[in-house]
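Fold and geometry: a report
Read off the chains here:
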Amino acid sequence: MAAASNAEPTHLQEMEDDDDAEEMDEQGMDSESDGEEEGMGVDDSDDEEDDTSEDEKENEAEIQRLEEQLSINAFDYNCHVDLIKLLKHEGELLHLRKARQKMSELFPLTEEIWLDWLKDEIRLTEEEPNREKVIELFERAIKDYICPDIWLEYAQYSIGGMGSPGGIERVRSVFERAITAVGLHMTKGQMVWEAYREFENAILATVQPPPGKIPSHDEQELLNKQLQRIHALFRRQLAIPLMDMEATYAEYEEWSDHGPPEEVLHRYKNALQQREKYKPFEESLLVAETPKLAEYQAYIDFEMKEGDPARIQMTFERTLVENCLVPDMWTKYTTYLDRQLKIKDLVLSTHDRAVRNCPWTMGLWKSYLQAVERHGGTHQTVSDLFEKGLNAGFIQATDYVEIWQVYLDYLRRRVDFSQESSQELEELRGSFTRCLDYMKQDVEERFGESGDPSCNIMQIWARIEALHCKNMQKARELWDSIMTKGNAKYANMWLEYYNLERAHGDSVHCRKALHRAVQCTSDYPEHVCEVLLTFERVEGSLEDWDVAVQKTETRLNRVNEQRAKVAEKEAIQALQEEEQFEQRRKAKADKKSQKKVQKGARFGEKRKADHGLDREEWKDHTEQAPKRHKGNGEQSKEEYMETETGPFGKKAPPGSKGSAPGFNKVQQASAQKQSDDKSELRNNENSVFVSNLSYTLEEPEARLRTVFETCGPVKQIRLVSSNKGTFKGFGYVQFESASSVTEALKLDRRDVEGRPMYVSPCVDKNKNPDFKVFRYNTSMEKHKIFISGLPFSCTKEQLEEISKRHGAIKDVRLVTFRSGKPKGLAYVEFADEAQASQAVLKMDGMDVEGNKISVAISNPPRRNASKPGPSQPTANPAPHHAHGARGRGRTQVSLLPRSLNRQSGPARKVENGSASEDGAGDARPLSNADFAKMLLKK
């Protein structure tokens, strides 16, 4: 065994030697090939250098391109980011520092960009004795966003300088600021607290005497003071709800010799209870995807109800770290600070961060300017801020009008109008002039519109000149300029001028303004004429009255003629459209009748062939017919039903009577009995008519029952269907009591499957011929305004909120299509005419979600039944009820025998589908025997 064992390794060794020899041969070949390639090594290195140089050239070209692009548009955020990444890759540290500096002047930097910049600067200044540059950079970083990671990095960097004079106190100052800023952060605040305690523990280790040594009085006092600092840190932290509080409490128990005091334990338990309230919001943030705006919004709403200013501020700051480009969030935050905290440094710094993050949002600049003025900012500060905002690049022309209005309001508040002339007044007038030039030269060229079509800025200037400066001549010049800019056709503009003259001018100019208004106004000349006549009643002579009456009559006659021409033109157009519709309907009916004739011919041939069957064959045929269908006797019954009456109850073709003799009579009798039973149960007083429902509504009876059961017990629901059995979109709901009808009518225009459901009373028009469900006035409604141009997203609540500033609102009605989609029109009813007129003056031309709305007194067009219209044919057609719902086409062939084609008594009128009780004797349906008697008489 030993020999064998010795021999085996020898054999393995020989194999290894052979392998080594082969490896040496391969290495030799490799070395030879390496030697052969040594002569070509220079070429390979040249290729690598060429590749490197080409990459460097490409990067340099890209850097140059990005810098050129930034020179054109310095507010290109992505371009700044790309340039910084490229310079960092190239190692151009000095160039990189300049790029970061330039970007930080225009935008707040993100947490990642700041941390990269700070780490690079820390490495660059390790060999430099001056640390102030890095500290200054840290101070800038913590102002952009409240980030725990940046604060922690700042504190750790400050620890490196604790050896310098006063270094320990500087470190403590940084830590105190850090826990004030981010110590309430539920998930990351604990890192700062722990770092602070570790720093104090490190100092404690330096002041503790060695074991066995008795400290002196000063050393013991220093030691006790340091222990008190650490105790205080534990107590402060345990009083704040943080995510991992239990570990901190356990550490305190282990660290403290006598255990946590009772007071600390009480605060700790309170913090645990508070944490349970915040925990659901923190957990939702952990599982949500960035930017988590909805989750943060819910968190903010909760904190606002709780009312802790520090926690509200912390939650807003956390939200803005991930949603820094959401203007609405900045608006909510700054509004809260302006109205609640009112701390100057905090308010102004937050406003500054807001406009740096969202410079395109005019509302943020507006609130910033007002905040600076509110907190006593200098005139130079406000002016510089305004100029900066003017160059921010707003996206709408109206934004420039608003920011100019804010600045002009500020300048007006600076003026002491008790002095006839002052530097502030001259500056105000010069700013008004500059504003008008800016609107004309810059805004109109950029947007193609002035942004101020109603000349609100000039109106304000005119009022200031008239009210404060007593300079009506200048005010009249401004109003002349306003009217020449296309505003002379609007009644509200003339009335504004008239009110200004009434308040600060004289009656002569008031009369001139109203006379010009009567001649020029084209939208509401009646209103202007009424104001002129009222003015002459109060202040004019008889001659003035006669002139006013003559002018108003002449103007109104001309207006009525123009309106009549327009109405005639519209009527002709509507008639043409009706004729085109009639032609298309006739062509469609002709085509349909041709198809019926062709189908009848084919069916006649088939029936003719069927007549060849004898009675026995036909009997066999009918007996075998049900067997061709799957199922039992119930399905054979359905087969007979189809043979007799056709699918969905249609009349069967001629010749098919014998398929199921007697079955049709039974079916008709049963259906008639059910119909009679239902008729007996009908009660219009307890019913409502429901319409405008979708034809494709699934299970309409169950759906309506669910909707109306909230109004009271439902007795029955009668749906109206077509002859094919399909739902026609309307029906009747009958309740157990009449009191439920009042509640049901409140559901009018309730949204059902995306369409407004119309609910109206069920009234017999034979008994109430004058009853109308929908009553619309055809005369001017001076207490109601008509609004057009609304955005489709505008809701009733939003419109009511806008309108209630001008008076008491009685009703708001949005006009929609039958499908429920908005038309952008609305009616708003005020308590009286004065409020409606005021609303017209103030709301006309207002901007609502980017749409410029038009507002006028409600004056619906007259509905003249004698004039033809799109829904009113010019000829005298047969009564609507004579030929069913759609009428009878001209090409439709009557299939009724002449003996039956006789004029009956007056047809009963039907209102909302409920038949009149009159003529009840004709209500009985004719049986087959009655039809047979009529035919035999002939």
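Residues numbered from 1 in each chain as written. Predicted model: local features only at pLDDT ≥ 70, side-chain atom pairs only at ≥ 80, totals over all residues. Heavy atoms only, no water.

1. Quick look at the environment of A517
In plain terms, the rule: Helix and strand assignments come from DSSP, with helices taken as H or I runs of at least 4 residues and strands as E runs of at least 2, each series counted from the N terminus. In this scheme, a residue with accessible area under 20% of its type's maximum is buried, one over 50% is exposed, and one in between is partly exposed, where area comes from a 1.4 Å probe on protein chains only.
For A517, the location among the structural elements is in helix 24 (residues 507-520). Under the relative-accessibility criterion, A517 is labelled buried at 1%. Separated by 27 residues in sequence, A517 and Y490 place their C-alpha atoms 8.5 Å apart.

2. Concerning the confidence of the model for the protein
The test is simple: Looking at any residue, its pLDDT shows the predictor's confidence there, from 0 to 100. Any two residues whose heavy atoms approach within 4.5 Å at even a single point are treated as in contact.
Counting all residues, the mean pLDDT for the protein is 79, and 75% of those residues have values of 70 or more. When the criterion is pLDDT under 50, residues 1-43 qualifies, and its contacts beyond four places in sequence or with other chains add up to 0 contacts.

3. What to know about the packing of helix 12 (residues 262-287) against helix 13 (residues 293-306)
The condition that has to hold: To get an axis, fit a line to the C-alpha atoms, keeping to the stretch in contact for a helix; angles then go from 0 to 180 degrees between the N-to-C directions. In these notes the angle categories are as follows: under 35 degrees is roughly parallel, over 145 is roughly antiparallel, 65 to 115 is roughly perpendicular, and the rest is oblique. Handedness of a crossing follows from how the near helix is turned relative to the far one, being left-handed for an anticlockwise turn of less than a right angle and right-handed for a clockwise one. Each residue is assigned to one of three groups, with Ala, Val, Leu, Ile, Met, Phe, Trp, Tyr, Cys and Pro labelled nonpolar, Asp, Glu, Lys and Arg labelled charged, and all others, Gly among them, labelled polar.
It is the contact of helix 12 with helix 13, at a shortest axis distance of 9 Å, that shows an interaxial angle of 165°. Classified by the angle between their axes, helix 12 and helix 13 sit roughly antiparallel to one another. Where helix 12 crosses over helix 13, the two elements pack in a sense that is left-handed. Across the interface between the two elements, K277, Y278, F281, E282, S284 and L285 from helix 12 touch E295, Y296, A298, Y299, F302, E303 and E306 from helix 13. Its residues placed into classes, the contact of helix 12 with helix 13 shows 7 nonpolar, 1 polar and 5 charged.

4. A look at helix 24
Selection rule: Given a helix with a known number of residues, its expected span is that number minus one, times 1.5 Å. Throughout this description, a polar contact denotes any pair of N or O atoms lying within 3.5 Å of each other; where both atoms belong to protein, one of them has to be capable of donating a hydrogen while the other can accept it, and for residues adjacent in sequence the pair is counted only when both atoms sit in side chains.
With 14 residues, helix 24 should cover 20 Å at 1.5 Å per step; its first-to-last C-alpha distance of 20 Å lies within 8% of that length. Here helix 24 has its buried residues at C510, R511, A513, L514, H515, A517 and V518. Between a side-chain oxygen at the N-terminus of helix 24 and the backbone nitrogen of V508 the separation is 3.3 Å; the capping residue is D506.

5. Notes on the packing of helix 17 (residues 362-374) against helix 18 (residues 379-390)
Where helix 17 meets helix 18, the axes come as close as 10 Å, and the angle between the chain directions of the two elements is 175°. Relative to helix 18, helix 17 is oriented roughly antiparallel. Residues W365, Y368, L369 and V372 of helix 17 pack against T381, V382, L385, F386, K388 and G389 of helix 18. Of the residues belonging to the contact of helix 17 with helix 18, the class tally is 7 nonpolar, 2 polar and 1 charged.

6. What to know about a negative patch on the surface
What counts here: Residues enter patches when they are more than 30% accessible in relative terms and free of salt bridges; like-charged ones are connected within 9 Å and nonpolar ones (Val, Leu, Ile, Met, Phe, Trp, Tyr) within 5 Å. Values of accessible area rely on a 1.4 Å probe in the Shrake-Rupley scheme; residue burial ignores everything except the protein chains shown. In the sections that follow, a salt bridge refers to a side-chain nitrogen of Lys or Arg positioned within 4 Å of a carboxyl oxygen of Asp or Glu. The convention is simple: Lys and Arg are positive, Asp and Glu are negative, and His and the chain ends are not counted. Lys charges are placed at NZ, Arg charges at CZ, Asp charges at CG and Glu charges at CD.
Taken together, the side chains of E54, D55, E56, E58, E60 and E92 present a region of like negative charge at the surface. Residue placement: E54 occurs in helix 2 (residues 41-72).

7. Here we look at the nonpolar core
The test is simple: Residues belong to a common nonpolar core when they are buried Ala, Val, Leu, Ile, Met, Phe, Trp, Tyr or Cys residues joined through side-chain atoms within 4.5 Å.
In terms of nonpolar packing, the biggest core is built from 82 residues, with I403, W404, L408, L428, M439, I457 and W479 touching the most fellow members. Residue contributions to this core peak at 10 residues, all from helix 19 (residues 397-414). When residues no more than four places from it in sequence are discounted, the contact partners of W404 are F386, L390, S431, R434, C435, Y438, M439 and I457. Counting 63 residues, the second largest nonpolar core, distinct from the first, contains W117, A155, F234 and I240.

8. Remarks on the pattern of salt bridges
On inspection of all chains with the given rule, the structure shows 41 salt bridges. Salt-bridge contacts for E303 lead to R311; the nearest nitrogen and oxygen are separated by 3.1 Å. The same class applies to E303 and to R311, which are both buried. Residues R413 and E373 are paired through a salt bridge, measuring 2.9 Å at the closest nitrogen-oxygen approach. Here the residue R413 occupies a position in helix 19, and E373 occupies one in helix 17, the gap between them amounting to 40 residues. Judged by its relative accessible area of 42%, R413 falls in the partly exposed class.

9. Examining the sheet that holds strand 11 (residues 854-858)
Put simply, the test is: Two strands make a pair as long as DSSP finds a minimum of two bridges between them.
In spatial order, the strands read 7-8-6-11; together these 4 strands make up an open sheet with antiparallel pairing. One side of each edge strand has no neighbouring strand; the edge strands of this open sheet are strand 7 (809-816) and strand 11. Taken pair by pair, the neighbouring strands of this sheet meet at an average axis angle of 25°, ignoring direction. Pairing geometry for strand 6 (residues 781-788) and strand 11, over 5 bridges, is antiparallel. Following the sheet pairing, I787 is matched in strand 11 by V855. Sheet contacts for helix 32 (residues 796-803): strand 6, strand 7 and strand 8 (822-830); angle to strand 7, the most-contacted strand, approximately 135°.

10. Here we look at the environment of P860
Turning to its location among the elements, P860 is positioned in the loop between strand 11 and strand 12 (910-911). The class of P860 is buried, set by a relative accessible area of 13%. C-alpha of P860 to C-alpha of E781: the two residues are 79 residues apart in sequence and 8.4 Å apart in space.

11. A short note on the sheet that holds strand 4 (residues 750-752)
The strand order across the open sheet built from 5 strands is 2-3-1-5-4, with neighbouring strands paired in antiparallel fashion. What marks the edges here is a single partner per strand, and that holds for strand 2 (714-721) and strand 4. The sheet shows a mean angle of 30° between the axes of neighbouring strands, direction not considered. Relative to strand 3 (residues 727-735), strand 1 (residues 687-691) is paired through 4 bridges, and the arrangement is antiparallel. Bridge pairing links S687 to Q734 in strand 3. In the packing of helix 30 (residues 700-708) onto the sheet, contacts are made with strand 1, strand 2, strand 3, strand 4 and strand 5 (755-761), and the angle to strand 2 comes to roughly 140°.

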